[in-house]
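Listed below are the residues making up each chain.
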Amino acid sequence: MEAVFRTCAQTGLKIHNQAERLIKVHAVAGVFAILFGGIAAVLVLLTRWPAVHLLDPTSFYRALTFHGINMLIFWIIFFEIAVLYFAGPIVLSCRLAWPRLGWAGFGLMVAGSLLINTAILAGRADVMMTSYAPLQAVSYFYLGWILFAVGALIGVCNFFATLVVARAERTYEGSIPLVTFGAATAAIIAVFTLAHGAIIYIPTWLWSLGIISYIDPGIYRLVWWGLGHASQQINVATMVTIWYLLATLTVGATPVNEKVCRSAFVLYILFINLASAHHLLVDPQLSPAWKIWNTSYGMYLAVLASMIHGMTVPASIEVAQRRKGLTKGLFEWLAKAPWGNPGFAGMALSLVLFGFIGGITGVTFGAEQINIISHNTLRITGHFHATVVAGTTIAFMALTYYVLPLIFRRYVISQKLATLQIYLFAIGMTIFIGGMTTAGSYAIPRRHWDVQFATSQFQPPVEAAAFLFLGIMGVGGLFALAGGALYVVLTVGTVLFGRRVPDTPGAVPLAALPQDKGQHVPISGTLVLVFVFLASFIIYYFLNWKWLADIWLVK
Amino acid sequence: MSLQPLTGIWWKKVDSSEKVWVGIALVWCLILFAMMPLWHLKGGQNPSFNTFRTTPDAFLKKVEAFVEAGPKVAEDKGLPVIAPDPQKEVYMLGRLWQWYPALKLKKGQTYRLHLSSMDLVHGFSLFPLNLNFMVLPGYEYVLTITPTTTGEVFVVCNEFCGIGHHQMVGKITVE
């Protein structure tokens, strides 16, 4: 296939048309997934909100399975493969290594996701996202997972092959850009994840066909979580990469020290996948020594990486803003940041919500013993809505408002609504997460149709406060759903009806890079912010040990 | 700029303000790590490592022998309520969609509670106490527990186990 290029008038990058088309189709598939997952989210939310309690149990478990898989897997992985097609061929201005294979991979991902969604909607796979053996779904459900994983793996390999092509054809000098470096981190983690997906789903598929007679539930859980949590670590690496990218596009930020940023990504590669073991902390099949080592990510070195990015991203913004002359006091650079730009607002909110809520709760619940008072309660779902929804999804939404003008070459139909969308979604999610996590601390279980236990064998009394927080969760959820719906309307509307972006330089406003005059620029504002973060972390962490110490003794 | 390749020497000296944060963050991470082994030494709440391989049939036999030995002090919603001797082993099994049997324990006494599943993966959650463990078929998990509060607590299944999942609620009374 002959490579055909255009030169982007806005960024000056050379764009291979096959890479651009693959970005478009993956992004469109991602938006379909968030639409499906969002419709299911309405039903799940209105059932878990005790005042409404909409669905019957069968429909609820079906909607919950559908919601989880479409959001956590399809929306996010389709979007991430699109990011890889951007960070490889486009950032490096080279041709895509294997265009035809790229389309084959996309086809497999679509086929896999359709099989899985069909199985769930047909009522043949009410097994949640985790599908723990010996709970069994119809065989084509597992086949769907295998196809999807292989398709995604092809996308990842295409990215690696493109790196080789760019190097061989010398389309760049020196070391790859930070964005490509971050994407490569995500891609390496993705290989591990997708391999786990294939390893666990092949025997499970054979078992569902009757060829294998027994799947050990303990071993299933161990291998499955190599997919289940590791897939969320691809998100972390991709999200941080998008933070750097958006900081550059919106305020012209440059990393203060590339060595620090890149070392933090390397720490992710080496250690973050150990976090998958968090889900097995109160399982019978593993020893405490195994649990402590693995769930600490080898002494919390991946947490260290996140704490480094949490400093270097705002620091790169502070330096850029101060170089532009916003030097008054500690926070003029932050106050006068482009808060009306959805790309900047989304990046900043993603960073803050991911760090303060998702990060702190995740590390705390992941401590071996504290897990006893959070495992499989709504505290866990609160945590991952903070990381994957308030963090990753908002970062993806913010990036979309650059993907639309630069790749689809359409102006967003309303920039004001786009900004409103980001804030509505972020504020709604924050309220939702607050309600959900707090309700979980009253032991309200996750994946449970009826928190009032009305039809159960025994009816445990539920504290009034838990209902209050479930109500707060419901109200916040409605705001977030409105924000999510607005996102779908804006993206679909822009692709179909958006005004064309002319091929003249400057048609899409991108931040200029401020002059580096060589003088030292302080990052004192950032340091104040990160110490506030550390103080919150310490307080929340030790509060949890105190709560743990109040329950029954167990060993 | 994060979008442009780096040329020349880019591994510059790290600024002292960055070094301070990385150093403090590393110390905090080591504290996070140390808390877990320390709690095993000094704390009262730790996951157990008393686990045995079993089969649903073998475990069911042990549970039936335990219920038989009693003493059975009452019947509640069709379940026998067993008030076991703390010196002996205590059993509870999970199955679609029930925890069997109900238990009556004494505050401050220590019990060895054996858990396993007859069919699918279940979650053992003491409600509203918020103490959560996993129960897997084929594995016999032994928790050494000491109730420190009195009253009724409920065993809620917190791992999805089919359409009747939400009905799976058992009971432990502590006096």
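Rules behind the numbers
Residues numbered from 1 in each chain as written. Chains lettered and ligands numbered in written order. Predicted model: local features only at pLDDT ≥ 70, side-chain atom pairs only at ≥ 80, totals over all residues. Heavy atoms only, no water. Helix = DSSP H or I, 4+ residues; strand = E, 2+ residues; numbered from the N terminus. Rg over C-alpha atoms; globule rule 2.2 N^0.38 Å. Buried < 20%, exposed > 50% of the residue type's maximum accessible area, 1.4 Å probe, protein only. Contact = heavy atoms within 4.5 Å. Lys, Arg positive; Asp, Glu negative; His and termini not counted. Charge placed at Lys NZ, Arg CZ, Asp CG, Glu CD. Expected span 1.5 Å × (residues − 1). Axes fitted to C-alpha atoms, helices over the stretch in contact; angles between N-to-C directions. Parallel < 35°, antiparallel > 145°, perpendicular 65-115°, else oblique. Left-handed = near helix turned anticlockwise from the far one by under 90°. pLDDT = per-residue confidence, 0-100. Phe/Tyr/Trp six-rings, centres within 6.5 Å; stacked < 30°, edge-to-face > 60°. Lys NZ or Arg CZ within 6 Å of the ring centre and 35° of its normal. Buried area = accessible area lost by both parts, 1.4 Å probe. Salt bridge = Lys/Arg side-chain N within 4 Å of Asp/Glu carboxyl O. Core = buried A, V, L, I, M, F, W, Y, C linked by side-chain atoms within 4.5 Å. Disulfide = S-S within 2.5 Å. Pairing = 2+ DSSP bridges. Patch = residues over 30% accessible without salt bridge, like charges linked within 9 Å, V, L, I, M, F, W, Y side chains within 5 Å. Areas by Shrake-Rupley, 256 points an atom, 1.4 Å probe, with all protein chains shown as cover.

**Student:** Would you mind showing me how to read the overall build of chain B here?
**Tutor:** A count of helical and extended segments in chain B gives two helices and twelve strands. The linear arrangement of helices and strands in chain B, starting from the amino end, is α-β-α-β-β-β-β-β-β-β-β-β-β-β. Relative to a compact globule of 175 residues, whose C-alpha radius of gyration would be 16 Å, chain B shows 24 Å and is clearly more extended. The principal-axis extents of the C-alpha atoms in chain B amount to approximately 80 × 35 × 30 Å. Within chain B, buried positions represent 56% of all 175 residues. Considering only contacts within chain B whose residues lie at least 6 apart along the sequence, 58% involve residues at least 24 apart. With 16 positive and 14 negative side-chain charges, chain B shows a separation of 7 Å between the mean positions of the two kinds.

**Student:** Is there a simple way to think about helix H10 (residues 297-323) of chain A in this case?
**Tutor:** For an α-helix, 3.6 residues make a turn, and residues three or four places apart therefore share a direction. All names here are of chain A. Between its first and last C-alpha, H10 extends 38 Å over 27 residues, near the 39 Å set by a 1.5 Å rise per residue. With 23 of its 27 residues buried, H10 lies for the most part within the structure. A positive phi of about 105° marks Gly325, the residue just after H10.

**Student:** It is not clear to me how unusual backbone geometry should be interpreted in this structure. Could you clarify?
**Tutor:** Excluding glycine, residues mostly carry a negative phi; peptide bonds, for their part, are mostly trans. Following Ala133(A), the chain continues into Pro134(A) via a peptide bond in cis, with omega recorded as 10°. Its location among the elements puts Pro134(A) in the loop between helix H3 (99-121) and helix H4 (139-168). Cis peptide bonds are those with omega within 30 degrees of zero, and the linkage from Gly70(B) to Pro71(B) qualifies with 5°. Relative to the assigned elements, Pro71(B) resides in the loop between helix H2 (56-69) and strand S2 (72-76). In the Ramachandran plot, Arg170(A) falls in the positive-phi region, its phi being about 50° despite a non-glycine side chain. Looking at where Arg170(A) falls in the secondary structure, it is placed in the loop between H4 and helix H5 (178-208).

**Student:** Is there a simple way to explain the packing of helix H2 (residues 57-90) of chain A against helix H13 (residues 378-406) of chain A in this structure?
**Tutor:** Axes are the key here: two packed helices are described by the angle between their axes and the distance separating the axes. Residue and element names in this part refer to chain A. At a closest axis distance of 11 Å, the pairing of H2 and H13 adopts a crossing angle of 40°. With respect to H13, the element H2 is oriented oblique. Note on packing geometry: the crossing formed by H2 with H13 is left-handed. Packed against H2, whose contacting residues are His67, Leu72, Trp75, Ile76, Phe79, Glu80 and Val83, the element H13 presents Phe384, His385, Val388, Thr392, Thr393, Phe396, Leu399 and Thr400 at the interface.

**Student:** Teacher, can you tell me more about the confidence of the model for chain B here?
**Tutor:** Do not read the fine detail of predicted coordinates wherever pLDDT is low. The share of residues in chain B with pLDDT of 70 or more is 99%, and the mean pLDDT across the chain is 95. Across the predicted assembly, pTM comes out at 0.96 and ipTM at 0.96.

**Student:** It is not clear to me how the packing of aromatic side chains should be interpreted in this structure. Could you clarify?
**Tutor:** In this description, an aromatic ring pair is defined by two values, namely the gap between the centres and the angle between the planes. Across all of its chains, the model carries 44 aromatic pairs over all chains by this definition. Here the aromatic residues Phe356(A), Phe533(A), Phe537(A), Tyr541(A), Phe542(A), Trp545(A), Trp28(B) and Trp39(B) are joined through ring pairs into a cluster of three or more. Positioned over the ring face of Phe181(A) is Arg262(A), at 5.0 Å from the centre of the ring.

**Student:** For this particular structure, what's the right way to read the environment of Ala19(A)?
**Tutor:** Residue and element names in this part refer to chain A. Secondary-structure assignment places Ala19 in helix H1 (residues 17-48). Along the sequence, Ala19 and Gly88 sit 69 residues apart, while their C-alpha atoms lie 9.1 Å from each other. Excluding anything up to four places from it in sequence, Ala19 contacts Tyr85, Pro89, Ile90 and Leu96.

**Student:** Teacher, can you tell me more about the interface of chain A and chain B here?
**Tutor:** How big an interface is tends to be stated in terms of accessible area lost as the parts join. Each partner contributes residues to the interface: chain A has 109 residues there, and chain B has 85 residues. For the pair chain A and chain B, the summed buried surface comes to about 8800 Å²; carbon and sulfur atoms form 71% of the total. At the boundary of chain A with chain B, the tally comes to two salt bridges. Across the pair Arg53(B) and Asp216(A) runs a salt bridge whose closest N-O atoms are separated by 2.7 Å. When residues of the side of chain A that touches chain B are assigned to their parent elements, the largest contribution, twelve residues, is made by helix H16 (residues 524-549) of chain A.

**Student:** Whenever I open this one, the side chain of Thr130(A) confuses me. Can you help?
**Tutor:** Residues and elements named next belong to chain A. Checked against the element boundaries, Thr130 lands in the loop between H3 and H4. For Thr130, a relative accessible area of 3% gives the class buried. Residue contacts for Thr130: discarding those within four places in its chain leaves Tyr220, Trp224, Trp225 and Arg447.

**Student:** Help me out: how do you make sense of the nonpolar core in this one?
**Tutor:** One recurring pattern in soluble globular proteins: nonpolar side chains tend to sit buried together. Ranked by size, the top nonpolar core spans 263 residues in total, and within it Phe141(A), Tyr300(A), Met307(A), Phe124(B) and Ile172(B) carry the most contacts. It is H2(A) that contributes the most residues to this core, 23 residues altogether. Among all residues touching Phe124(B), those that are not within four sequence positions of it are Met92(B), Trp99(B), Leu113(B), Leu115(B), Leu131(B), Asn132(B), Phe133(B), Val135(B), Val155(B), Val156(B) and Asn158(B).

**Student:** Got a minute to help me understand the pattern of salt bridges in this structure?
**Tutor:** In this structure the tally under the stated criterion is 18 salt bridges over all chains. Here Asp283(A) ties to Arg221(A) by a salt bridge, and the two come within 2.6 Å at their closest N and O atoms. Of the two residues, Asp283(A) is situated in the loop between helix H8 (258-271) and helix H9 (288-295) and Arg221(A) in helix H6 (residues 217-228); the sequence distance between them amounts to 62 residues. Both residues of the pair, Asp283(A) and Arg221(A), count as buried. Across the pair Glu332(A) and Lys336(A) runs a salt bridge, and its minimum N-O distance is 3.0 Å. Here the salt bridges do not stand alone but share partners, grouping Asp76(B), Glu152(B) and Lys171(B) into one network.

**Student:** Before we go on, may I ask you to explain H2(A) in this structure?
**Tutor:** For H2(A), spanning 34 residues, the distance from its first C-alpha to its last is 47 Å, which sits close to the expected 50 Å at 1.5 Å a residue. Extensive coverage of H2(A) is indicated by the burial of 31 of its 34 residues.

**Student:** Could you clarify how one ought to interpret the state of the cysteines in this entry?
**Tutor:** Working definition of a disulfide: a covalent bond connecting the sulfur atoms of two cysteines. Applying the stated rule across the entire model yields zero disulfides over all chains. Free cysteine Cys8(A): the closest other cysteine sulfur is in Cys94(A), separated by 16 Å. Sulfur of Cys29(B): no disulfide; nearest cysteine sulfur belongs to Cys261(A) and is 17 Å away. In this structure Cys29(B) comes out as buried when scored by relative accessible area, which is 0%.

**Student:** Sorry, what's going on with the pairing of S2(B) here?
**Tutor:** As a general feature of sheets, a regular strand has side chains that alternate between the two faces. Residue and element names in this part refer to chain B. Relative to strand S3 (residues 79-82), S2 runs antiparallel, the two being bridged by four bridges. In the sheet register, Asp76 faces S3, and the bridge partner there is Leu79. Between S2 and S3, which follow one another and run antiparallel, lie two residues, and Lys77 among them has a positive phi close to 50°.

**Student:** Explanation requested: a nonpolar patch on the surface in the structure shown.
**Tutor:** All names here are of chain A. On the surface, Leu330, Phe331, Val352, Phe356, Val528, Leu529 and Val532 cluster together to form a nonpolar patch covering roughly 500 Å² of accessible area. Counting residues per element, the ones that place at least two in the nonpolar patch are helix H12 (342-365) and H16. The residue Leu330 is located in the loop between H10 and helix H11 (332-335) in this model. Classification of Leu330 by relative accessible area gives partly exposed; the value is 38%.

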